[in-house]
Amino acid sequence: GEIMMKLILCDDDPKFLEYMKRFLISELGFTTIILTCTDYKRLFAILETNTDCDLLFMDICLPNQNGILLSQKILKQYPQLLIVFISGYADSYYQQAFLKVRPYGFLRKPVDHQLLLQLIQKFQKEQATPSPNYYYFKTSDGLEKILFDDIYFFENNGHHVYIYTDTDVFSVRTTFSKILSILPANHFIQCHRRYIVNLKHVKKYQKDYFIMANESQDKIEISQLRISDVKKHFFEFLANNPA
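Please read all numbers here as calculations on a predicted model, not as lab measurements. Residues take numbers from 1 onward in each chain, read along the sequence in its written order. Given that the model is predicted, a residue must reach a pLDDT of at least 70 before its local features are reported, and side-chain atom pairs must reach 80 or more before they are shown or counted; all residues, however, enter totals for whole chains, interfaces and linings. The basis for every side-chain value is the complete set of heavy atoms in the structure, and neither hydrogens nor water enter the calculation.

Colleague: Please explain the pattern of salt bridges as it appears in this structure.
Modeller: One side chain can pair with another of opposite charge once the charged atoms of both are near each other. For salt bridges, the criterion is a side-chain nitrogen of Lys or Arg within 4 Å of an Asp or Glu carboxyl oxygen. The final tally for this structure, using the stated rule, is seven salt bridges. Between R22 and E18 there is a salt bridge whose closest N-O contact spans 3.8 Å. Of this pair, R22 and E18 are both found in helix α1 (residues 14-28), four residues apart, which corresponds to roughly one turn of the helix. Accessibility here uses a 1.4 Å probe with only protein chains present; expressed as a share of the type maximum, an area under 20% marks a residue as buried, one over 50% as exposed, and anything in between as partly exposed. By relative accessible area, which is 56% here, R22 ends up exposed. E236 is the partner of K232 in a salt bridge, and the nearest nitrogen-oxygen pair spans 3.6 Å. Strands are runs of DSSP state E lasting at least two residues, helices are runs of H or I lasting at least four, and both sets are numbered from the N terminus onward.

Colleague: Got a minute to help me understand helix α7 (residues 227-240) in this structure?
Modeller: The α-helix advances 3.6 residues per turn, and as a result positions three or four apart in sequence lie on the same side. Every helix has an expected span of 1.5 Å times one less than the residues it contains. Between its first and last C-alpha, α7 extends 20 Å over 14 residues, near the 20 Å set by a 1.5 Å rise per residue. Note on contacts: a residue pair qualifies if any of its non-hydrogen atoms lie within 4.5 Å across the two residues. Against the buried residues of α7 lie β13 (188-192), β15 (202-206) and β16 (209-212).

Colleague: I tried to follow the environment of D166 on my own but got confused; where do I start?
Modeller: Mapped onto the elements, D166 comes out in the loop between β11 (161-165) and β12 (169-172). The sequence separation of D166 and K15 amounts to 151 residues, and the corresponding C-alpha distance is 53 Å. Contacts of D166, omitting those with residues within four sequence positions, involve D150 and Y152.

Colleague: So what exactly am I meant to see when it comes to unusual backbone geometry here?
Modeller: Keep in mind that most residues, glycine aside, have a negative phi and that most peptide bonds are trans. Of the consecutive residues K109 and P110, the connecting peptide bond is found in the cis state with omega at -10 degrees. Relative to the assigned elements, P110 resides in the loop between β7 (105-108) and α5 (113-128).

Colleague: In this structure, what is going on with the sheet that holds strand β3 (residues 55-59)? I would like to understand it.
Modeller: Spatially, β2-β1-β3-β6-β7 is the arrangement adopted by the five strands of the open sheet, whose pairing is parallel. Only two strands of the sheet have a single neighbouring strand rather than two, namely β2 (32-37) and β7. Sheet twist, expressed as the mean angle between neighbouring strand axes with direction ignored, is 20 degrees. A fitted line through C-alpha atoms represents every axis, and for helices the fit uses only the stretch in contact; the resulting angles, taken between N-to-C directions, go from 0 to 180 degrees. Across the face of the sheet, α1 comes into contact with β1 (5-10), β2 and β6 (82-87) while running at roughly 160 degrees to β1. When DSSP locates at least two bridges between a pair of strands, those strands are taken to pair.

Colleague: How should the environment of L55 be read in this particular structure?
Modeller: Relative to the assigned elements, L55 resides in strand β3. Separated by 50 residues in the primary sequence, L55 and M5 place their C-alpha atoms 8.3 Å from one another. For L55, the contacting residues outside a window of four places in its chain are K6, L7, I8, L82, V84, Y104, I120 and F123.

Colleague: What exactly am I supposed to notice about the environment of L69 here?
Modeller: Among the secondary structure elements, L69 is positioned in helix α3 (residues 67-77). For the pair L69 and Q96, spaced 27 residues apart in sequence, the C-alpha to C-alpha distance is 9.6 Å. Not counting the four nearest positions on each side in its chain, L69 is found in contact with Q96 and K100.

So, in structure tokens, the structure goes:
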């Protein structure tokens, strides 16, 4: 049951990074992946390949760069990332940090171990509670916040996944496995290699198809392989969500 966490530490002092990393691993063990960098170019490179990062610990005073303004840029690209500022000059930056970015936390140097651990425990607790009711999907127009309850079904056509809501169809570059990893499992089910359905929006259920409750009353096939699985899942859903 430990929650796997991925943290990034960005600070221009390698000694501080090494010290923080050692402390965190000694406290959290190896369920935590800790990536470190000393400048913002490296930081962007890390973020690009680690989009599943949980917390970014960010020094406000980086060489030639203000960490607060940098964070604004980062959050445009990665809105779900949580940022914790670290600063030796906390008082002069506190206000700016909270006005421009809503940081997850603010730690002053030298870092108080108790506060650091409290912050991480708070994060782990939030992770363990039910997931949020929306996700930021990457569409061609940028990030689109879509509520899970608004989604009727997903259709996979190879390179893209289409998300059908009541009013729109969004085209997203992703895979079904990625989508299934973020969806609340109790009311979404993959019923076909091409479809994932939101059981909350099923109007009619037959052994080998669903009729959706949207305007066009789409008929979604259930593949032979998945018939018994879907049936079990659907009746569990009905038991837990009486109309």
